[in-house]
Amino acid sequence: MTASTQDFTRAWEDWKADREKELAAPHGWLAIISLDWLDEQPREYPGVPGKWWQDEEAAYVDPAGADLEYEGEPVTGVRRFELVNSGPTVRVVAGAVEVEVARRTGYLLRVHDPEAPVLKNFRGIPAYAPDEQWVVDGRFEPFAEPRPVTVGAVVEGLSHVYTAPGVVRFTHDGTEHALTAFAKPDGALMVLFADATSGVTTYAANRSLQLGKPDDRGRVRLDFTRAVNLPCAFIDFATCPLPPEGNRLPFAVEAGEKLPYERQG
């Protein structure tokens, strides 16, 4: 093993350790124990303090005697949460748990509990051994104008809308491939993709890859050794998006995270 390979492997191992630490945070994705969809009738949900409901624009909570906090302040009356579809979520604290409010077409609640069984039994994420051959150079080709792209979700009947500023092209075994890229607020790019390992050694629905910002010549690097599972690969309470049309690679990307232990027979 050359010094360069050793450095690459060490950097990947550090990244993987940080990734697993973040995933296993006390109120992170693995701590989710429920998912409830709101309707227009104020009511209580099992294990969720307070009364909750929605209308066409926002979600609402009435503490109804429960001790709730939002952004460090007690919730003493009806609180309104107007969120962007498929956008950031908010958290309401209720003792040791956090109630996440999200908009995924309609509004939903997810309870994050540090005592969640999946979290307490977490033993890391299986992954392919890091191999520098899976780090490839690509180029970003912007559209004339960013495009809204609607994709499906792992929840039947649900959809997500993201902004796609362009495509990323790269070559594998002499053949060029293109992936529709989504934009992050800081200008970095990410792609959702599937490939010939999907449903075999990796999670069937999707994996995600962060690309960073293109340089001034549109160059980006695709490090498939850092392809990760979305939360739906670990738990049943996520509403993860599916890759956009055309983002299924016809070859096996034998790099990055594999099917989680939680989903293995």
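Notes on the structure follow. (Residues numbered from 1 in each chain as written. Predicted model: local features only at pLDDT ≥ 70, side-chain atom pairs only at ≥ 80, totals over all residues. Heavy atoms only, no water.)

1. Points about the overall build of the protein chain
Okay, step 1: When its secondary structure is counted, the protein chain shows 2 helices and 16 strands.
Okay, step 2: In terms of C-alpha radius of gyration, the protein chain reaches 20 Å, essentially the compact-globule figure of 18 Å for 265 residues.
Okay, step 3: Once the C-alpha set of the protein chain is aligned to its principal axes, its extents read approximately 65 × 45 × 35 Å.
Okay, step 4: The buried share among the 265 residues of the protein chain stands at 49%.
Okay, step 5: Summarising the internal contacts of the protein chain: among those between residues at least 6 apart in sequence, 59% fall at separations of at least 24.
Okay, step 6: Here the protein chain has roughly 13500 Å² of accessible surface; of this, 48% comes from carbon and sulfur atoms.
Okay, step 7: The average position of the 27 basic charges and that of the 41 acidic charges among the side chains of the protein chain differ by 4 Å. (Helix = DSSP H or I, 4+ residues; strand = E, 2+ residues; numbered from the N terminus. Rg over C-alpha atoms; globule rule 2.2 N^0.38 Å. Buried < 20%, exposed > 50% of the residue type's maximum accessible area, 1.4 Å probe, protein only. Contact = heavy atoms within 4.5 Å. Areas by Shrake-Rupley, 256 points an atom, 1.4 Å probe, with all protein chains shown as cover. Lys, Arg positive; Asp, Glu negative; His and termini not counted. Charge placed at Lys NZ, Arg CZ, Asp CG, Glu CD.)

2. Here's the deal with the pairing of strand β11 (residues 135-152)
Okay, step 1: Pairing geometry for β11 and strand β16 (residues 219-223), over 5 bridges, is antiparallel. Considered in β16, the bridge of Val135 is made with Asp223.
Okay, step 2: Taken together, the 11 bridges between β11 and strand β12 (residues 159-172) define a ladder with antiparallel strand orientation. Residue pairing in the sheet places Pro142 in a bridge with Gly166 of β12.
Okay, step 3: Between the end of β11 and the start of β12, which pair antiparallel, lie 6 residues, with Gly157 showing a positive phi angle near 90 degrees. (Pairing = 2+ DSSP bridges.)

3. As for the nonpolar core
Okay, step 1: Of all hydrophobic cores here, the largest spans 26 residues; its most connected members are Leu23, Leu30, Phe182, Tyr203, Cys232, Phe234 and Ile235.
Okay, step 2: Sorting the residues of this core by element identifies β11, β12 and β14 (189-193) as the ones contributing at least two each.
Okay, step 3: Looking at which element gives the most residues to this core, the answer is β11, with 3 residues.
Okay, step 4: Residues in contact with Leu30, not counting those within four places in the same chain, are Leu23, Ala24, Ala116, Val118, Leu119, Phe122, Phe234 and Ile235.
Okay, step 5: One finds Leu68, Phe81, Val92 and Val111 within the second-largest nonpolar core, a separate group that totals 23 residues. (Core = buried A, V, L, I, M, F, W, Y, C linked by side-chain atoms within 4.5 Å.)

4. A look at a negative patch on the surface
Okay, step 1: There is a patch of like negative charges on the surface, built from Glu13, Asp14, Asp18 and Glu22.
Okay, step 2: Here Glu22 falls in the exposed class, since its relative accessible area comes to 63%. (Patch = residues over 30% accessible without salt bridge, like charges linked within 9 Å, V, L, I, M, F, W, Y side chains within 5 Å. Salt bridge = Lys/Arg side-chain N within 4 Å of Asp/Glu carboxyl O.)

5. Focus on the packing of aromatic side chains
Okay, step 1: Summed over all chains, the structure comprises 8 aromatic pairs.
Okay, step 2: Consider the rings of Trp53 and Tyr60, whose centres lie 5.6 Å apart with planes at 10 degrees: the pair is stacked.
Okay, step 3: The exposure class assigned to Trp53 is buried, which follows from its relative accessible area of 16%.
Okay, step 4: Given the relative accessible area of 12%, Tyr60 is considered buried.
Okay, step 5: Each residue in the set Trp134, Phe170, Phe193, Phe224 and Phe251 is aromatic and connected to the rest through ring pairs, giving one cluster. (Phe/Tyr/Trp six-rings, centres within 6.5 Å; stacked < 30°, edge-to-face > 60°.)

6. Let's talk about the side chain of Thr197
Okay, step 1: Within the secondary structure layout, Thr197 lies in the loop between β14 and β15 (207-212).
Okay, step 2: Discounting residues that sit within four places of it in the chain, Thr197 has contacts with Tyr128, Thr202, Arg207, Ala252, Val253 and Glu254.

7. Here's the deal with the sheet that holds β16
Okay, step 1: If you trace the 6 strands from one edge of the open sheet to the other, you get β15-β14-β13-β12-β11-β16, paired in antiparallel fashion. The open sheet is flanked by β15 and β16, the only strands paired with a single partner. On average, adjacent strands in this sheet sit at an angle of 45 degrees to one another, irrespective of strand direction. (Axes fitted to C-alpha atoms, helices over the stretch in contact; angles between N-to-C directions.)

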